[in-house]
Amino acid sequence: METTISLPLTVFAIGFATLLWLRPSFGRKSRDLDKARQAFDGCERLLGLIKSLQRHRGMSSAWLSGDRSFEGRIAELRQLLERQFNASMQTATLETDSPWPCFDHNDMAMLRHQWQALADAYASMTTEQNIAAHTDLVTKVLGWLAALGEARIELALPDRVAAGVVRNYAMRLPALAECLGQARAVGSSVAAHGKCSPVARVRLMFLASRAEALIAQALAAAPSARSSATARTVEELVEMIRRHLLNEHRVDIGAGDYFDTATHAIDDVFAWIDGCALDLRRALERADAPLEFRGQF
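Residues numbered from 1 in each chain as written. Predicted model: local features only at pLDDT ≥ 70, side-chain atom pairs only at ≥ 80, totals over all residues. Heavy atoms only, no water.

A. Broad picture of the overall build of the chain. Secondary structure assignment for the chain yields eight helices and zero strands. Within the chain, buried positions represent 44% of all 297 residues. A separation threshold of at least 6 residues defines the contact pool for the chain, and within that pool the share at least 24 residues apart is 79%. When the accessible surface of the chain is totalled, it reaches about 15,700 Å², and 55% of it is carbon and sulfur. (Helix = DSSP H or I, 4+ residues; strand = E, 2+ residues; numbered from the N terminus. Buried < 20%, exposed > 50% of the residue type's maximum accessible area, 1.4 Å probe, protein only. Contact = heavy atoms within 4.5 Å. Areas by Shrake-Rupley, 256 points an atom, 1.4 Å probe, with all protein chains shown as cover.)

B. Seen up close, the packing of aromatic side chains. Summed over the entire model, instances satisfying the criterion amount to five aromatic pairs. Ring geometry for Trp63 versus Tyr122: centroids 5.9 Å apart, planes at 70°, classification edge-to-face. Here Trp63, found in helix H1 (residues 7–64), pairs with Tyr122, found in the loop between helix H3 (105–121) and helix H4 (127–153); they are 59 residues apart in sequence, far enough to count as distant. Judged on exposure class, the residue Trp63 and its partner Tyr122 are both buried. For the pair Phe103 and Trp144, a centre-to-centre distance of 4.8 Å together with 10° between the ring planes defines the contact as stacked. Here Phe103 is found in the loop between helix H2 (71–96) and H3, whereas its partner Trp144 is found in helix H4, with 41 residues between them in sequence. Comparing Phe103 with Trp144, the two get one shared label, buried. For Arg68, the ring lying beneath its charged end belongs to Trp63, and the centroid distance is 4.0 Å. (Phe/Tyr/Trp six-rings, centres within 6.5 Å; stacked < 30°, edge-to-face > 60°. Lys NZ or Arg CZ within 6 Å of the ring centre and 35° of its normal.)

C. Main features of the layout of surface pockets. The calculated volume of the largest pocket comes to roughly 340 Å³. Considering the residues around the largest pocket, the lining is formed by 16 residues, among which Glu128, Ile131, Val186, Ser189 and Ala200 are closest to the centre. Put simply, the parts of the chain that give the lining of the largest pocket at least two residues each are H4, helix H5 (160–193) and helix H6 (198–221). (1 Å grid on protein atoms, 1.4 Å probe; cavity = no way out; pocket = protein on both sides within 12 Å on 5 of 7 lines; lining within 4 Å. Points joined across faces, edges and corners; volume = space filled by probe spheres on them.)

D. How the structure looks around the pattern of salt bridges. With the rule as written, the count across this model stands at 12 salt bridges. Among the salt bridges present, the one from Asp267 reaches Lys51, with a minimum N-O distance of 3.3 Å. In this pair, Asp267 is assigned in helix H8 (residues 255–287) and Lys51 in helix H1, connecting sequence segments 216 residues apart. Look at Asp267 and you get partly exposed, because its relative accessible area is 29%. When the shortest N-O distance is used, the salt bridge between Arg226 and Asp279 registers 3.3 Å. Separated by 53 residues along the polypeptide, Arg226 in helix H7 (residues 225–244) and Asp279 in helix H8 bring together distant segments of the chain. Salt bridges sharing common partners tie together Asp41, Glu44 and Arg281. (Salt bridge = Lys/Arg side-chain N within 4 Å of Asp/Glu carboxyl O.)

E. Layout of the environment of Leu53. Residue placement: Leu53 occurs in helix H1. Sequence separation of Leu53 and Leu77 is 24 residues, and the distance between their C-alpha atoms is 8.8 Å. Beyond its immediate sequence surroundings of up to four residues, Leu53 is in contact with Leu81, Trp115, His134, Leu137 and Val138.

F. Quick peek at the side chain of Thr91. Along the chain, the position of Thr91 falls in helix H2. Relative accessible area serves as the criterion here: at 6%, Thr91 is assigned to the buried category. Residues within four places of Thr91 in sequence aside, it is in contact with Gly42, Arg45, Phe103 and Leu148.

G. Structural detail: the packing of H6 against H7. Where H6 contacts H7, the two axes come as close as 10 Å, and the packing angle between them is 170°. What the angle tells us is that H6 and H7 run roughly antiparallel. Touching Leu204, Ala208, Ser209, Ala211, Glu212, Ile215 and Leu219 of H6 are Ser227, Ser228, Ala231, Val234, Val238, Ile241 and Arg242, all from H7. (Axes fitted to C-alpha atoms, helices over the stretch in contact; angles between N-to-C directions. Parallel < 35°, antiparallel > 145°, perpendicular 65-115°, else oblique.)

Okay, structure coming up:
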């Protein structure tokens, strides 16, 4: 006796088998997206920590160079940093429980210990020592931020455009903010002294060129009206450095004015980072949208 299987039943069987085969992939995708959303919270905490460490580096460098007007702002910033270290410790604890953590609780505890030692001792340091010690701390956090972005967010969004935005968010733009942060610290010290030493001149010239290269890379990865506006602000700061800070005999800008101008440029970069985060969260929502299966049965 010949057995006949209807076409609708065959299509249903094939579709059901396909769903069973894809089910593990759907589960992995859902877990990756959950980790990516969790990673955004961690990245935001690390970005806040980076921003405050950079500001403390700039203020304390100007203070060490003789500008005492920053004293009250430094005290307020130390209180903010204490809260930010507490928040970042939560991210470190979550990462510690991962099979392959980007950083762990011990890493963050060590960083916090180094920060406390620096905060207690910077008044007895030279400006150069102070900048180097702060930069070492910021560099470590930048590495953790890049690792989180690559391992938790970029891998959850395979789209090439999204990958470019992730690298702007977690790598290129934070590196640009750090470049400008170093320029703010060195430049504030120069402005407070009223003249630019040969070592500071070489450093500022390098940082200006590095900032231009980083802004060009970020623009190429994800151009937009927002990024173009930030690029102009960065270019204005670079021009200020070249025109007003590199004179070895007389610097014609005050430390407070230069610090505020550099801070405005850095804040614009962080605003661009926030914009990238918004774009990426939307991309995650699209990636998490349920699949629609259409057919005639």
